[in-house]
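Close look at the chain arrangement
Listed below, chain by chain, are the residues.
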Amino acid sequence: MASIKIVLRDKQNKEGLYPVVLRITKERTSKIISLGMDCELQNWDERSSQFKKNMPNYIQKNIILSNLKQKAWAIIDGFNLEEVDFTLTQFEEKFRGKESSKITVLEFWEGKIKDLNLAGRTGNARAHHDTKTSFFKFCKNQKILFKEITVEVVDKYETHLRANGCNDGGIGVRMRELRAVFNDAIKKGVTQEKYYPFKIYKVSKLKSSGFKKALTREEVRLIENFDEVKYPHLREAKHLFVFSYYTRGMNYYDMMKLTWSNIIDNKICYSRSKTKGKFLIKILQPVQDILDYYKEINIKTNYVFPILLNEGLTPIQIENRKAKKLKRFNCDLKKIAQLVGIDKPISSYVIRHSYATNLKQLGTSVELISQSMGHQNVSITSAYLKDFEDDIIDDANERLLMEPNSTYKLNHERRYSA
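Just so you know, these numbers come straight off a predicted model, no measurement behind them. (Residues numbered from 1 in each chain as written. Predicted model: local features only at pLDDT ≥ 70, side-chain atom pairs only at ≥ 80, totals over all residues. Heavy atoms only, no water.)

What follows concerns the nonpolar core. Formed by 47 residues in total, the largest nonpolar core has its most connected members in Leu 215, Phe 241, Phe 243, Ile 268 and Phe 305. Excluding residues within four positions of it along the chain, Phe 243 makes contact with Met 250, Met 255, Leu 258, Ile 268, Val 287, Ile 290, Leu 291 and Phe 305. The next biggest cluster of nonpolar side chains, apart from the first, holds 31 residues, and it includes Val 105, Ala 125, Phe 138 and Tyr 196. (Core = buried A, V, L, I, M, F, W, Y, C linked by side-chain atoms within 4.5 Å. Buried < 20%, exposed > 50% of the residue type's maximum accessible area, 1.4 Å probe, protein only. Contact = heavy atoms within 4.5 Å.)

Residue Arg 28 is not a glycine yet carries a positive backbone phi of 65°. Within the secondary structure, Arg 28 sits in the loop between strand S2 (18-26) and strand S3 (29-39). One non-glycine residue, Arg 248, lies in the positive phi region at around 65°. Position of Arg 248 among the secondary structure elements: in the loop between helix H8 (235-245) and helix H9 (252-257). (Helix = DSSP H or I, 4+ residues; strand = E, 2+ residues; numbered from the N terminus.)

We now examine the sheet that holds strand S6 (residues 263-264). Picture the strands of a sheet paired through backbone hydrogen bonds; they go either parallel or antiparallel. Taken in spatial order, the three strands line up as S6-S7-S8 in an open sheet, and their pairing is antiparallel. Both edges of this open sheet fall to S6 and strand S8 (278-282), since each of them pairs with a single strand only. Pairing analysis gives two bridges linking S6 to strand S7 (residues 267-271), with the strands arranged antiparallel. Looking at the pairing, Ile 263 lines up with Ile 268 of S7. (Pairing = 2+ DSSP bridges.)

On to helix H10 (residues 285-297). Taking 1.5 Å as the rise per residue, H10 with 13 residues should run 18 Å; its terminal C-alpha atoms sit 19 Å apart, in good agreement. Among the residues of H10, Val 287, Ile 290, Leu 291 and Tyr 294 are the ones counted as buried. The buried residues of H10 occupy an angular sector of 100° when projected down its axis, which confines them to one face. Seen from the open side of H10, the exposed residues pointing more than 90 degrees away from its buried face are Gln 285 and Glu 296. Of the surrounding elements, those touching the buried residues of H10 are H8, S6 and S7. (Expected span 1.5 Å × (residues − 1). Arc of directions from axis to C-beta.)

So, on to the packing of aromatic side chains. All chains considered together, the criterion is met by 22 aromatic pairs. Look at Trp 109 and Phe 135: their rings are 6.3 Å apart centre to centre, the planes differ by 50°, and that puts the pair in the tilted class. Of this pair, Trp 109 sits in helix H3 (residues 105-118) while Phe 135 sits in helix H4 (residues 122-139), placing them 26 residues apart in sequence. With centroids separated by 5.7 Å and ring planes inclined at 70°, the aromatic side chains of Phe 182 and Tyr 196 adopt a geometry described as edge-to-face. Of this pair, Phe 182 sits in helix H6 (residues 168-187) while Tyr 196 is found in the loop between H6 and helix H7 (217-224), placing the two residues 14 residues apart along the sequence. Overall, Phe 182 belongs to the buried group, its relative accessible area being 0%. A network of ring pairs unites the aromatic residues Phe 108, Phe 146, Phe 182, Tyr 196, Phe 198 and Tyr 201 as a single cluster. Between the NZ or CZ atom of Lys 26 and the centre of the ring of Phe 86, over which it lies, the distance is 4.9 Å. Over the ring of Phe 95 we find Lys 71; its NZ or CZ atom is 4.9 Å from the centre of that ring. (Phe/Tyr/Trp six-rings, centres within 6.5 Å; stacked < 30°, edge-to-face > 60°. Lys NZ or Arg CZ within 6 Å of the ring centre and 35° of its normal.)

Moving on: the pairing of S3. On a regular strand, each side chain points to the face opposite its neighbour's, so the side chains alternate between the two faces of the sheet. Here S2 runs beside S3; their pairing, made up of nine bridges, is antiparallel. By the bridge assignment, Arg 23 is partnered in S3 with Ile 32. Hairpin remark: S2 followed by S3, antiparallel, with two residues in the connecting loop; positive phi at Glu 27, about 55°.

Here we take up the pattern of salt bridges. Evaluated as defined, the whole model comprises 20 salt bridges. For the salt bridge of Glu 219 with Lys 344, the shortest nitrogen-to-oxygen distance reads 3.0 Å. With Glu 219 in helix H7 and Lys 344 in the loop between helix H11 (315-340) and helix H12 (348-361), this residue pair connects regions lying 125 residues apart in the sequence. Glu 219 sits in the buried class, given a relative accessible area of 15%. One salt-bridge network, held together by shared partners, links Glu 158, Arg 162, Asp 168 and Lys 205. (Salt bridge = Lys/Arg side-chain N within 4 Å of Asp/Glu carboxyl O.)

On to the sheet that holds strand S1 (residues 2-8). If you trace the three strands from one edge of the open sheet to the other, you get S1-S2-S3, paired in antiparallel fashion. Every interior strand has two partners, whereas the edge strands, S1 and S3, have only one. Between one strand and the next, the sheet's axes are offset by a mean angle of 20°, whatever the strand orientation. Along the sheet, helix H1 (residues 58-81) makes contact with S1, S2 and S3, crossing S1 at roughly 160°. (Axes fitted to C-alpha atoms, helices over the stretch in contact; angles between N-to-C directions.)

Written out as structure tokens, the structure is:
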């Protein structure tokens, strides 16, 4: 629910007067819009939000203020009638009379990123920021409108990404973000559906190049037995890997925000940040050993792992810290893999795949694996296990070679002697 109020700004302008502004507040965030009027403090009635009688032409000026306030409410009512979850930037554009069709892609995108950050959705904000930077590195035209992003433009953007070393998976990420912005712009009336390029350009054609994501149980053991005393700078990476693997593939963000209050009666109780699903996980011995280690070193916060070193950080500060530390974690995992002789691409993402695949190899049903990982749909789990299923098919094919040659020769001779 939004609120509107006309107030004086706290600071004086160059003439020593206080500007009259409209303040709109939505979801505990405010925006100030200048109304082109000012006065001295003694001329303003704060309670009624209008000029006092000692202000020259106060009647006419109060009528203008009243009309402006009515205009503001009419804009909000219009958004509500169209079921548009408007941003403060969109409100200001309507209030100032800027045509939606003239709103540039850059303006709209930056407004979306700002609103995502304000809503605490900093991961999405960072993803959109990265794609926006990538797109305008290609586009160069910072005043491009949505209707100017044609299928030809999107095709050329794909070519640009490939020329700069992106594979199908990376291109797919960029295109999905661009498509999401376009969809949002259509929903909010900034552009029209007839200009939508993704009816023809299909993002679904971009499949990530499938490498073997999962580590075998033996490879996981190699990392578990990695000598952290000999390589102390890689200790934290090893601990996070083992902890994640034995807590059903807990992702990095959830490990980063895990606190000692989440440890209850030999169980880890937490809500997954991505899906909000609740988990109650029994603490296995490798996890307990890691908890004991970090309890002993006492990092002076309530966090289990020394990733967020201060409490009370803003969402943006947390996101920036996560990005920096996750990059270091993935880099250290690659070093560990090299040292123990694992010749596979490895990152934090591999841990969940390894957990799921190794459970499957132990004969666990896909439904149970899906439940243990908090997937809302079994098809998601099946995607994790795709490489494993392909291996089964390959093994079945290899069994054809196990058939004795004599059997094949005998059948061959019978066929042609008949």
